[in-house]
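The lines below spell out each chain.
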Amino acid sequence: VAFVPRDGAVQSAVSITYPVNLMIGTPDVMKARILNHVLGGSFQRLDNNLRETHAWTYGSNSSISADDIVGNVDVNVQCRNNVTDSSIVEMMKEMNLLRTTPLTQEELQSAINYISGIFALGLENPQTIAQYAISIDRYNMPKDYYKNYLKNLSAVTISDIQATAQRYLTTTNAHIVVVGNKTEANKLKKFGEVKYFDNYGNPLKVTESKVINGVGMDQVLDKYISAIGGKAALEGLKDLSVSVTINEGGQEYSANQVTSSPDKMKQTIIADGKLVQKMVINGDNSYMESQGQRQNMPKQAAEEYLPEADLQVLLHPTKYGISYTLLGMEKVDGIDAYNVEELGNGKRTVQFYDANSGLLIREIVNSDRNGQPVVEIKNFSDYREVKGGNGYKIPFAEEAIGGRKITVL
């Protein structure tokens, strides 16, 4: 298994691929084309399984390619993170079924009709006819290869396709290449050794142990709490007011958040001197205000903001159903960082803590907005003490990958 981690990915791009000895112009090429159409052609077996039956993807496909040096098989899909391993299981299942179970006469005839139609349309194009002539000469193919193409295509049998599947569909000796969120990598160990690579195919060292050099999740959080001022400073916080300027897409506006721990908060956004949006979290009196229109917030919606309204949330995360898992260690802009997963409040957040300073330097938030997955990647820097905070520190600079910059005043 070759795994390429992509921060914040909500989908996995999966490919089961390997080389095959399938030479251009040989009799197996035609049979392999029929086999491939049944496996991964338009709305065939892969789509019926992964899309129609399981609703894991919008589409999947396959290719069995011939070449004068070495051919290759590629069965691929783009699917949701949490069904990456399940999708691979089903893809292999479909490949193995073609090896062990004869396809139906209807499937065979449908594939032959489709390929015949494509071939006939190609004959209307002079460029295609010229390419056929070049291929015959270049690859030493039989002179009558294309003249007898339709006749030989119609002569292919069900047993021919099963024998071809047994020859070219080999799930026990394949490369599984996955680009996606690293949290899914451990699930793929059932298929073989998982090796990590960067975007350019260079080997990537990723530590997966939940105890790294003697450091566990508790130690990572303890070091972070100490780095931002310590437990005593956190416990002493009662109110916090943070005013910021936000630059996004060339537009600048200001915002202010006042937190009264443990359960009250007010956020305001101002542009061109006018109130654009206001949100108040205050029990049954919680509300949203936008463009002069005020709307009371349902209790459940207001409760989603309670962890943010609690300045001591790090000291009792379980109160809000928040859990932390140490995933490993990796480089963030050249800095060794502990990779931590936070689950809770309907969101999944991946955090990166500087192994040296203990500070949070990056956060990737995966959430759902109107039924669509949303990913936000933020970098934090310039930690400073807040006035009257007894040593408590916050990042005075936040930059979202994609352009938005937030500066604390």
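Residues numbered from 1 in each chain as written. Predicted model: local features only at pLDDT ≥ 70, side-chain atom pairs only at ≥ 80, totals over all residues. Heavy atoms only, no water.

Asker: Break down the overall build of the protein chain for me, citing the residues and quoting the values.
Answerer: Assigned secondary structure in the protein chain consists of 11 helices and 19 strands. Relative to its length of 409 residues, the protein chain is extended, with a C-alpha radius of gyration of 29 Å against a globular reference of 22 Å. Viewed in the frame of its principal axes, the protein chain has a C-alpha envelope of about 90 × 55 × 35 Å. For the protein chain, the residues scored as buried account for 45% of the 409 residues in total. Of the accessible surface of the protein chain, which amounts to about 22200 Å², a share of 48% is contributed by carbon and sulfur atoms. Averaging the coordinates of the 41 positive side-chain charges in the protein chain and doing the same for the 47 negative ones gives two points 1 Å apart. (Helix = DSSP H or I, 4+ residues; strand = E, 2+ residues; numbered from the N terminus. Rg over C-alpha atoms; globule rule 2.2 N^0.38 Å. Buried < 20%, exposed > 50% of the residue type's maximum accessible area, 1.4 Å probe, protein only. Areas by Shrake-Rupley, 256 points an atom, 1.4 Å probe, with all protein chains shown as cover. Lys, Arg positive; Asp, Glu negative; His and termini not counted. Charge placed at Lys NZ, Arg CZ, Asp CG, Glu CD.)

Asker: Can you explain the packing of helix α1 (residues 27–40) against helix α7 (residues 158–168)? Please cite residues and give values.
Answerer: The interhelical angle for the contact between α1 and α7, taken along N-to-C directions, is 90°, at an axis separation of 9 Å. By the criterion of interaxial angle, the relationship of α1 to α7 is roughly perpendicular. Packed against α1, whose contacting residues are Asp28, Lys31, Ala32, Ile34 and Leu35, the element α7 presents Asp160, Ile161, Thr164, Ala165, Arg167 and Tyr168 at the interface. Along the lines of polarity and charge, the residues of the contact of α1 with α7 split into six nonpolar, one polar and four charged. (Axes fitted to C-alpha atoms, helices over the stretch in contact; angles between N-to-C directions. Parallel < 35°, antiparallel > 145°, perpendicular 65-115°, else oblique. Contact = heavy atoms within 4.5 Å. Nonpolar A, V, L, I, M, F, W, Y, C, P; charged D, E, K, R; others polar.)

Asker: Outline the packing of α1 against helix α4 (residues 105–122), listing residues and values.
Answerer: The interhelical angle for the contact between α1 and α4, taken along N-to-C directions, is 115°, at an axis separation of 9 Å. If you check the angle between α1 and α4, you find them roughly perpendicular. The two elements α1 and α4 meet at a crossing, and its hand is right-handed. Here Arg33, Ile34, His37 and Val38 of α1 come into contact with α4, specifically with Glu107, Leu108, Ala111, Ile112, Tyr114, Ile115 and Ile118. For the contact of α1 with α4, a count of residues per class yields eight nonpolar, one polar and two charged. (Left-handed = near helix turned anticlockwise from the far one by under 90°.)

Asker: Could you give an account of empty space enclosed by the protein, with specific residues and numbers?
Answerer: Vacant regions in the atomic arrangement are exposed by a probe of water-molecule size rolled over the atoms. Taken as a whole and assessed by the stated rule, the structure comprises one cavity of 30 Å³ or more. Its volume calculated, the largest cavity comes out at about 100 Å³. Around the largest cavity, the lining comprises 15 residues; the ones closest to its centre are Asp7, Asn181, Lys182, Asn339 and Val350. For the lining of the largest cavity, the element with the highest residue contribution is strand β15 (residues 347–354), accounting for three residues. (1 Å grid on protein atoms, 1.4 Å probe; cavity = no way out; pocket = protein on both sides within 12 Å on 5 of 7 lines; lining within 4 Å. Points joined across faces, edges and corners; volume = space filled by probe spheres on them.)

Asker: Which residues make up the packing of aromatic side chains, and what values do they have?
Answerer: One pair of aromatic rings is described through two measures. These are the centre distance and the angle between the planes. Here the structure, examined in full by the defined rule, presents eight aromatic pairs. Note on Phe119 and Tyr132: the rings are 5.7 Å apart at their centroids and 15° apart in plane angle, and the pair reads as stacked. With Phe119 in helix α4 and Tyr132 in helix α5 (residues 126–138), this residue pair connects regions lying 13 residues apart in the sequence. Arranged with centres 6.4 Å apart and planes meeting at 20°, the rings of Tyr146 and Tyr149 form a pair that is stacked. Both residues of the pair, Tyr146 and Tyr149, belong to the buried class. By way of ring pairs, the aromatic residues Phe119, Tyr132, Tyr145, Tyr146 and Tyr149 are connected into one cluster. Here Arg294 stacks its cationic end above the ring of Tyr287, 3.6 Å away from the centre of that ring. (Phe/Tyr/Trp six-rings, centres within 6.5 Å; stacked < 30°, edge-to-face > 60°. Lys NZ or Arg CZ within 6 Å of the ring centre and 35° of its normal.)

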